[in-house]
Amino acid sequence: MSNSNLTVVLNVCNFHNSDGYWTNISAANGSPYSYQYSGGNDHDQDSPQGHIPHGHVKHAVGHGAATIEVQLRCDPRYVFDQVSFDGNDQGQLAWQRQGTDPKSRTITNQCTHATTTHYKIKIRDTTANTTLDCDPVIRNVPV
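To keep things clear, this report deals only with the structure shown in the data block. (Residues numbered from 1 in each chain as written. Predicted model: local features only at pLDDT ≥ 70, side-chain atom pairs only at ≥ 80, totals over all residues. Heavy atoms only, no water.)

**Thoughts on the overall build of the chain**
Along the chain, the regular secondary structure elements total zero helices and eleven strands. For the chain, the sequential pattern of α-helices and β-strands runs β-β-β-β-β-β-β-β-β-β-β. A burial count over the chain gives 43% of its 143 residues as buried. Taking the intrachain contacts of the chain between residues at least 6 apart in sequence as the baseline, contacts between residues at least 24 apart amount to 62%. Surface accessibility of the chain: about 7,000 Å² in total, with carbon and sulfur atoms responsible for 46%. (Helix = DSSP H or I, 4+ residues; strand = E, 2+ residues; numbered from the N terminus. Buried < 20%, exposed > 50% of the residue type's maximum accessible area, 1.4 Å probe, protein only. Contact = heavy atoms within 4.5 Å. Areas by Shrake-Rupley, 256 points an atom, 1.4 Å probe, with all protein chains shown as cover.)

This is the structure we're talking about:
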């Protein structure tokens, strides 16, 4: 059995959202924003909505490399600024732009070592000229 390639969708808005499916944060300029991930496959991550994965991903170690396509689906004022990883000590994850699509990035997961890593997607609001971080979890687990 091999790891599956996944698509995760990120939505962003420039206000705090009281819907429990959104994560409220402050942008670099201190303004309120919220973001929401859909997709993913890691139902084990704690979620106030009853273990909905919200962009969290889990792959099995030793079952082959996999990709995670992150699609930005929101107002055109929001664009990818950068993608980085917190906890990528084993070098399992790398990212690249998906073709010429400015609203898509692909993360490659080698899946050769157990790890828990946050993929940190930094989004730029081109209207307000500020950035915000959106970071669900990728876990590689032994089988």
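Alright, that's what it looks like, and here's the rest.
**Observations regarding the packing of aromatic side chains**
All told, the structure shown has three aromatic pairs when counted by the stated rule. Ring geometry for Y33 versus Y78: centroids 6.4 Å apart, planes at 85 degrees, classification edge-to-face. Highlighted residues: Y33 in strand β3 (residues 32-39) and Y78 in strand β6 (residues 78-86), separated in sequence by 45 residues. For Y78, a relative accessible area of 2% puts it in the buried group. Taking the centre distance of 5.8 Å and the plane angle of 85 degrees together, the rings of Y35 and Y37 count as edge-to-face. (Phe/Tyr/Trp six-rings, centres within 6.5 Å; stacked < 30°, edge-to-face > 60°.)

**Quick notes on the sheet that holds strand β7 (residues 93-97)**
Strand pairs in the sheet, formed through backbone hydrogen bonds, run parallel or antiparallel to each other. Across the sheet, six strands lie side by side as β2-β3-β1-β5-β8-β7; this open sheet has mixed pairing. Of all the strands in the sheet, just β2 (23-26) and β7 have a single pairing partner and so form its edges. Pairs of neighbouring strands in the sheet enclose a mean axial angle of 25 degrees, with direction left out of account. (Pairing = 2+ DSSP bridges. Axes fitted to C-alpha atoms, helices over the stretch in contact; angles between N-to-C directions.)

**Overview of the pattern of salt bridges**
Throughout the structure, instances matching the rule amount to four salt bridges. One salt bridge connects R77 with D125, and the closest N-O pair in it is separated by 2.7 Å. Of the two residues, R77 sits in the loop between β5 (66-72) and β6 while D125 sits in strand β9 (residues 115-125), which places them 48 residues apart along the sequence. K120 is the partner of D135 in a salt bridge, and the nearest nitrogen-oxygen pair spans 3.2 Å. Remark: K120 occurs in strand β9 and D135 occurs in the loop between β10 (130-134) and β11 (137-141); sequence separation between them is 15 residues. Among the residues examined, K120 registers a relative accessible area of 24% and is labelled partly exposed. (Salt bridge = Lys/Arg side-chain N within 4 Å of Asp/Glu carboxyl O.)

**A few points about the environment of K122**
Tracing the backbone through its elements, the reader meets K122 in strand β9. When its relative accessible area of 22% is taken as the criterion, K122 is described as partly exposed. Here the alpha-carbon distance between K122 and D133, two residues eleven residues apart in the chain, equals 4.5 Å. Each residue touching K122, except ones within four places of it in the same chain, is listed here: V79, F80, D81, Q82, T131, L132 and D133.

**As for the environment of Q36**
Turning to its location among the elements, Q36 is positioned in strand β3. Counting along the chain gives 24 residues from Q36 to V12, while the straight-line C-alpha distance between them is 6.6 Å. If sequence neighbours within four positions are ignored, Q36 has contacts with V9, L10, N11, Y21 and W22.

**A few points about the side chain of H59**
In this structure, H59 sits in strand β4 (residues 57-60). Relative accessible area serves as the criterion here: at 2%, H59 is assigned to the buried category. At a separation of 3.2 Å, a polar atom in the side chain of H59 contacts the main-chain carbonyl oxygen of S4. A polar atom in the side chain of H59 sits 3.1 Å from the side chain of N109. The residues contacting H59, other than those within four sequence positions of it, are N3, S4, L6, A66, I68, N109, C111, R139, N140 and V141. (Polar contact = N/O pair within 3.5 Å; in protein donor to acceptor, adjacent residues only side chain to side chain.)

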